[in-house]
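What follows is the residue order along each chain.
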Amino acid sequence: MGEKYRKGHHAVLNKGEENEMEIFGYQTEGCRKTLCIAGYVFSCGILPLVFYWRPAWSVWANCVPCTLREADVILLRTTDEFQIYSRKKVTWIYLSSLNGSVSLTPDHPVIADEDYVINRAIIRPDLKVRCIQVQKIRYVWNNSEEQFQKVGCLEDGFTAAKIHLKFGSGLTREEQEIRRLICGPNAIDVEITPIWKLLIKEVLNPFYVFQLFSVCLWFSEDYKEYAVAIIIMSIISITLTVYDLREQSIKIHRLVESHNSILVTVCRRKAGIEALESRYLVPGDLLSLSGNKIQMPCDAILIDGGCVVNESMLTGFNTAKGDLVRSILYPKPMNFRLYRDAVRFLMCLIGTATIGMVYTICVYVLSGEPAEEVVKKALDVITIVVPPALPAALTTGIIYAQRRLKNKGIFCISPQRVNICGQLNLICFDKTGTLTKDGLDLWGVVPSDKNGFQEVHSFTSGSTLPWGPLCGAMASCHSLIVLDGTIQGDPLDVKMFEATNWEIENSGIDFHVRGAPAGATIVKPSQATCQIPVEGIAILHQFPFSSVLQRMSVIVQELGGNRMAFMKGAPERVVSFCHPDTVPSNFASELQNYTIQGFRVIGLAYKRLEINHHITAWIREKVESDLTFLGLLILENCLKEETKPVLEELTSANIRTVMVTGDNLQTAVTVAKKSGMIAESLRVILIEANEADGSSPASVTWKLLEDRKHAGYRDQDSYINIGEDVSKPRDEEGSYHFAMTGKSYQVISQHFSSLLPKILMNATVFARMSPGQKSKLVEEFQKLDYFVGMCGDGANDCGALKMAHAGISLSEQEASVASPFTSKTPNIECVPHLIKEGRAALVTSFCMFKYMALYSMIQYIGVLLLYWKTNSLSNYQFLFQDLAITTIIGITMSLNAAYPKLVPYRPLGRLVSPPLLSSVFLNMLFSLAMHLLGFILVREQPWYSATDVFSACSLPKGNISRTATSPMISGKVSPDSFMSYENTTVWFLGTINCLIVALVFSKGKPFRQPIYTNYIFVLVLAVQMGTCIFLLFANIPDLYQRMDLACTPTLWRVYLVIMLAVNLILSLIVEEAIIENRALWLIIKRSFGFQSKSQYRKWQSVVASDQAWPPLNQTSYSERLESASGVSYSNPVFESHEETP
């Protein structure tokens, strides 16, 4: 293959995004396809099944590599560590299908503009477009750039001026039709998956295919009872899984269904206004929004007028909500070591089964057995070593944990995440609504004049604020509207305005102010207020709030009076626009006094304007200058009662807690201290990072926050107080905490990435974080091998909730769809509950792994010993072990509830670990030794006979039912019978040994309740043990004959009990004194110099050994200058480099 050919064969789709993929071009070849079809037939359907599991193999077998331009099949591979393959068929869109409504020619002006990706994708003169559909997103082939590109959104490169030029007048009907055909509908089409599709997908799972193989084998051997039991269990399991998937599909469908058919008004060029359903919108359509409350059906750019929006997410698969729904439909696999180890564990079992098969074939072939019998016995070994009931047994612990979580009001839509919760060691919390109560309460206002701050005016007494500029600012400096008789807008604005006891209304037709809009908002004092010398205030113009600017301003005019400008925002930003003489000298200390108590503080200012100027003549820079400082608005956001106890519980369990909020930094630090996330005695170090500016490279500075010393009022971000001459903390590791804003985090990520891991080791407070930064932070913690939980309640937490190993939503809105777990109780008490249940479920999974492994090995050892004598266990003996013992134990062993206290260490997270492997290996050796001992000793007994199974007991011959033709009349057994002394010995030893390991492996404290609290399991074990002892010592000939058991002397039965008792004692000693001895394993680790492979452990060691860390009162600079490049318009998904208010 030539170099050029190879180059065109491969490309990257969605580069740099979360759903980045590699794509490869292939072309179907007739000969290969014919051979594959023949393989489908001759393999009896096995080959297509393999291709279904491995789509890449199907492509490689049917197709040959080619350039992406020539490809009719595209092979996709994710670029993450999983590298999952999928295949897509290249399809064609023919513009000729529009001939009924649009008459197109290759040189038609509508498709001639090469600025649009859509037009560059049209192949001329055929007027057709190549495309692929990947995860609900359509990608078209860009002929000029030779690559597949996403359609369904505006081109990012368009400037604001170009958008006005190209789309300011709307699209023509022809343009709409073409875009609608190529881009597809503007809707999140989530169909309810038919039950038959879910059923087929579940049945074709490799595990159920193996079960089908096992069941067919058992039916051929007349092992009907257990085969039927497995079929029933599989049907129940499949039904429950399909039901859960169906319910989730219905839930997602209902979530988005109402958003797909919103009636919108579209302005069409040369055709006026048209009403149509939102699903028919296309990129570039010009929408007209009326004054009524509507649901926004797409991402849009406001090009004229004004509007008020809330934080709800929008529709369409190319929007934030579309991305969220798509991530639910196509979830990223969890990289959890337990599941990787489970695959390795199964591979080991398969390897063991292969050895057993070779042994079986050799023994039976040398014994001259028929080929059919040899094959059956060899295949039996696979079903013994790899028990079909294994996955069902492993999921029972998760099912019980889910049920207990549901009883606590915690609902789970992703059951496999329950086990992962048992490994969580870092929890990120949102602040507002999560750690603190929802909303803000207006605590008071601190007026200011030339003499300094005045006495606090408290609103809790019900007294109104006297008229003056401060009252005017609170009444008018906002963006509130009245909708359906209710004041709508930012909750902070609502609280501030309601405290004034004023009212809002729209101006009438008789309202005329020079330069003011006809529908200007007017605020008036209500009848409850008194002694207000003004009739009202008209809000003439707004300079809207920006999270980057951290302020908003309005131009207002008293009705019949003065014109003024009011500003509100972050206090440090507001005073920077005020005349210094109007700012009290104790401004910094007053502000600090409230912020350290956790109050939200807003600064207010104003100035008078000349009334004869036209409104449009005032620019923002001119209005926002030489202001007079008015005072501070104090709002209270209290901690929830449950917050502090929960954080203390997590801290005592060595589970790290981190705050990730969009709020002010000082407020976040104060809440962190009040909640116990940061101990009062520990120091907080502020990390400030700045982008490259001109000739200055990007920089990062470390400063110590002090609670009492105060800085000048022009410092940035919320009057954090910087100690000027402090000694560097050199206490033990963890004696300080880092705090930073989203802006600093972004700069560090881009310019100081090598420092980021060291910073994250002690970073506890992240403020002013955008939704994209929140999810990116979670991902960075995961890269350090933390198991990260995220707890939040808002739509801006969705990305982080989805990214975390365990996302816990305290809201039942959009956040609950993104999150695997949703709590009905809106506080963080759900977090320790979830961790406890996760630990219990994880330990239960390990217990079941160990038990199922030992059960398989016990049966494997017994059967191979009997194969040596060309014997085996009978169907009823297998049935008793498989169904009456193991299945019931598998159901009841997992019932132990979670231990009520979180201990300061986690359970093992890996199957391939020394303690677990040692436990399995040692118990397997004990079982092997016991079976070998029994097998050898029974053959040495004086009463033993290889042919006469009645030689050991002097039973009356009449007690054994025989027929006249039965060979048992002479005391001999039939060649087809399984009855032998070896069989009886091995079966009793193996059956009771299964009960022993179940008892030994039923781990209780410190992660589960003690075994005696699991009453059902204890009762089951007692009944099973009683039944086995009864069978061992009972002399019931008919029962023995049915079970293919031979009668043995009582003394031999006592010997068997002694062997089992010794096995039990050894197993208990090993499990308690060695396997569960945490102190011993720690000593062993230290002795062998074991080092943790977790990245965060390595970085903790690096930080602890670095005497120069942290570099207090120092500034570091990036090695290279990187100028920031701005983009005029983009359609990011959960990504924003702006700070969030």
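Relevant structure appears above.
Overview of the structure. From a predicted model like this one, the values you see are computed outputs, not experimental measurements.

1. Notes on the overall build of the protein chain
Stage number 1. Scanning the protein chain from N- to C-terminus turns up 36 helices and 35 strands.
Stage number 2. Burial statistics for the protein chain: of 1141 residues in total, 52% are counted as buried.
Stage number 3. Expressed as a percentage of contacts within the protein chain between residues at least 6 apart in sequence, the contacts between residues at least 24 apart total 72%.
Stage number 4. Accessible area for the protein chain stands at about 51400 Å²; split by element, carbon and sulfur atoms hold 57% of it.

2. Topic: helix α19 (residues 587-595)
Stage number 1. Counting buried positions along α19 yields seven of nine residues, so the element is predominantly enclosed.
Stage number 2. Restricting attention to buried positions, one finds in α19 the residues Phe 587, Ala 588, Glu 590, Leu 591, Gln 592, Tyr 594 and Thr 595.
Stage number 3. On the buried face of α19, the contacting elements are β15 (441-449), β16 (452-453), α18 (571-575), β25 (600-609), β26 (628-636) and α22 (665-675).

3. Here's the deal with the packing of aromatic side chains
Each aromatic ring pair is characterised by the separation of its centres together with the angle its planes make.
Stage number 1. Taken as a whole, this structure holds 35 aromatic pairs when the rule is applied.
Stage number 2. Centroid distance Trp 141 to Phe 148: 5.0 Å. Interplanar angle 70°. Geometry classified as edge-to-face. As far as the burial class goes, Trp 141 and Phe 148 line up, both buried.
Stage number 3. Above the plane of the ring of Trp 92 lies Lys 128, whose end atom (NZ or CZ) is 4.2 Å from the centre.
Stage number 4. The ring of Tyr 116 is capped by Arg 179, whose NZ or CZ atom sits 4.6 Å from the centre of that ring.

4. Some details on the side chain of Lys 774
Stage number 1. With respect to the secondary-structure elements, Lys 774 resides in helix α25 (residues 771-783).
Stage number 2. Sequence-distant contacts of Lys 774, defined by excluding residues within four places in its chain, comprise Asp 430, Val 660, Thr 661, Gly 662, Met 769, Asn 796, Asp 797 and Ala 800.

5. Some points on the pairing of strand β8 (residues 137-142)
Stage number 1. Counting buried positions over the six residues of β8 gives five, a clear majority of the element.
Stage number 2. Alignment of strand β7 (residues 128-134) against β8, held across four bridges, turns out to be antiparallel. Bridge assignment links Ile 132 to a residue of β8, and that residue is Tyr 139.
Stage number 3. By the bridge criterion, four bridges tie β8 to strand β9 (residues 147-150) in an arrangement that is antiparallel. Across the sheet, residue Val 140 finds its bridge partner in β9, namely Gln 149.
Stage number 4. From the end of β8 to the start of β9, which pair antiparallel, there are four residues, and Glu 146 there has a positive phi angle of about 55°.

6. Topic: the pattern of salt bridges
Pairing between side chains of opposite charge can happen when their charged atoms approach one another.
Stage number 1. A complete count under the given rule lists 25 salt bridges for this structure.
Stage number 2. Salt-bridge contacts for Glu 191 lead to Lys 136; the nearest nitrogen and oxygen are separated by 3.4 Å. Of this pair, Glu 191 sits in the loop between α7 (173-183) and α8 (195-203) while Lys 136 is found in the loop between β7 and β8, placing the two residues 55 residues apart along the sequence.
Stage number 3. Here Glu 191 falls in the partly exposed class, since its relative accessible area comes to 47%.
Stage number 4. The partner of Arg 173 in a salt bridge is Glu 174, and the shortest N-O contact between them spans 3.8 Å.

7. Focus on the sheet that holds strand β27 (residues 656-660)
Stage number 1. Judged by pairing direction, the sheet is mixed, and its 11 strands sit side by side in the order β13-β34-β33-β32-β14-β27-β31-β30-β28-β29-β35 without closing on themselves. Each end of this open sheet is capped by a strand with a single partner; those strands are β13 (410-412) and β35 (1114-1117). Within this sheet the neighbouring strands show an average axis-to-axis angle of 20°, counted without direction.
Stage number 2. Where strand β30 (residues 736-741) and strand β31 (residues 763-767) come together, four bridges link them in parallel fashion. The residue bridging Met 740 from the neighbouring strand is Phe 766, located in β31.
Stage number 3. Set on the sheet, α22 makes contact with β27, β28 (683-690), β29 (699-705), β30 and β31; between it and β31 the angle comes to about 140°.

8. Thoughts on the packing of helix α28 (residues 830-867) against helix α30 (residues 914-940)
Stage number 1. Axis separation between α28 and α30 bottoms out at 10 Å; the angle between their running directions is 25°. As summarised for this structure, α28 and α30 are arranged roughly parallel, according to the angle between their axes. Seen along the crossing, α28 lies across α30 with a hand that is right-handed. Note on element contacts: α30 touches α28 through Leu 916, Ser 919, Val 920, Asn 923, Met 924, Ser 927, Leu 928, His 931, Leu 932 and Phe 935, opposite Phe 846, Lys 850, Ala 853, Leu 854, Met 857, Ile 858, Ile 861, Gly 862 and Leu 865.
Stage number 2. Split into classes, the residues belonging to the contact of α28 with α30 amount to 13 nonpolar, five polar and one charged.

9. Some words on unusual backbone geometry
Stage number 1. Of note, the amide linkage connecting Arg 124 to Pro 125 takes the cis form, showing an omega dihedral of 5°.
Stage number 2. Mapping Pro 125 onto the fold places it in the loop between α5 (117-120) and β7.
Stage number 3. Residues Lys 1005 and Pro 1006 are joined by a peptide bond in cis, for which omega reads 10°.
Stage number 4. Within the element layout of this structure, Pro 1006 appears in the loop between α31 (981-1001) and α32 (1015-1033).
Stage number 5. Phi at Asn 654 is positive, roughly 60°, even though this residue is not glycine.
Stage number 6. Structurally, Asn 654 can be placed in the loop between α21 (643-652) and β27.
Stage number 7. Given the relative accessible area of 57%, Asn 654 is considered exposed.

10. Remarks on the nonpolar core
Stage number 1. One finds Tyr 851 and Ile 889 to be the most contacted residues of the largest nonpolar core, which totals 92 residues.
Stage number 2. Per-element tally for this core: the top contributor is α28, with 20 residues.
Stage number 3. Excluding its chain neighbours within four sequence positions, the residues that come into contact with Tyr 851 are Ile 885, Thr 886, Ile 889, Met 893, Cys 994, Val 997, Ala 998 and Phe 1001.
Stage number 4. Counting residues in hydrophobic clusters, the runner-up holds 44 residues, among them Ile 427, Ala 672, Phe 787 and Leu 834.

11. Looking at the sheet that holds strand β6 (residues 91-94)
Stage number 1. Taken in spatial order, the four strands of this open sheet run β6-β7-β8-β9, and their pairing is antiparallel. Across the chains shown, the open sheet's two edge strands, defined by having one partner strand only, are β6 and β9. The average undirected angle you get between the axes of adjacent strands in this sheet is 40°.
Stage number 2. Bridge count for β6 against β7 is four bridges, and the pairing is antiparallel. Looking at β7, one finds that Tyr 94 is bridged to Lys 128.
Stage number 3. Across the sheet, α7 is in contact with β6, β7 and β8; its angle to β8 comes to roughly 110°.

12. As for a nonpolar patch on the surface
Stage number 1. On the surface, a cluster of nonpolar side chains totalling about 640 Å² of accessible area is made up of Ile 1029, Phe 1033, Leu 1051, Val 1054, Tyr 1055, Ile 1058, Val 1062 and Leu 1066.
Stage number 2. Tallying contributions element by element places helix α34 (residues 1050-1075) first for the nonpolar patch, with six residues.
Stage number 3. Tracing the backbone through its elements, the reader meets Ile 1029 in helix α32.

13. Quick word on the packing of α30 against α34
Stage number 1. Running from N to C, α30 and α34 point in directions that differ by 165°, and their axes come no closer than 11 Å. Taken as axis vectors, α30 and α34 run roughly antiparallel relative to one another. The crossing of α30 and α34 is right-handed. Seen from α30, the contacting residues are Pro 915, Ser 918, Ser 919, Leu 922, Asn 923, Phe 926, Ser 927, Met 930, Leu 933, Gly 934, Leu 937 and Val 938; seen from α34, they are Trp 1052, Met 1059, Leu 1060, Asn 1063, Leu 1066, Ser 1067, Val 1070, Glu 1071 and Ile 1075.

What counts and how
- Residues numbered from 1 in each chain as written.
- Predicted model: local features only at pLDDT ≥ 70, side-chain atom pairs only at ≥ 80, totals over all residues.
- Heavy atoms only, no water.
- Helix = DSSP H or I, 4+ residues; strand = E, 2+ residues; numbered from the N terminus.
- Buried < 20%, exposed > 50% of the residue type's maximum accessible area, 1.4 Å probe, protein only.
- Contact = heavy atoms within 4.5 Å.
- Areas by Shrake-Rupley, 256 points an atom, 1.4 Å probe, with all protein chains shown as cover.
- Phe/Tyr/Trp six-rings, centres within 6.5 Å; stacked < 30°, edge-to-face > 60°.
- Lys NZ or Arg CZ within 6 Å of the ring centre and 35° of its normal.
- Pairing = 2+ DSSP bridges.
- Salt bridge = Lys/Arg side-chain N within 4 Å of Asp/Glu carboxyl O.
- Axes fitted to C-alpha atoms, helices over the stretch in contact; angles between N-to-C directions.
- Parallel < 35°, antiparallel > 145°, perpendicular 65-115°, else oblique.
- Left-handed = near helix turned anticlockwise from the far one by under 90°.
- Nonpolar A, V, L, I, M, F, W, Y, C, P; charged D, E, K, R; others polar.
- Core = buried A, V, L, I, M, F, W, Y, C linked by side-chain atoms within 4.5 Å.
- Patch = residues over 30% accessible without salt bridge, like charges linked within 9 Å, V, L, I, M, F, W, Y side chains within 5 Å.

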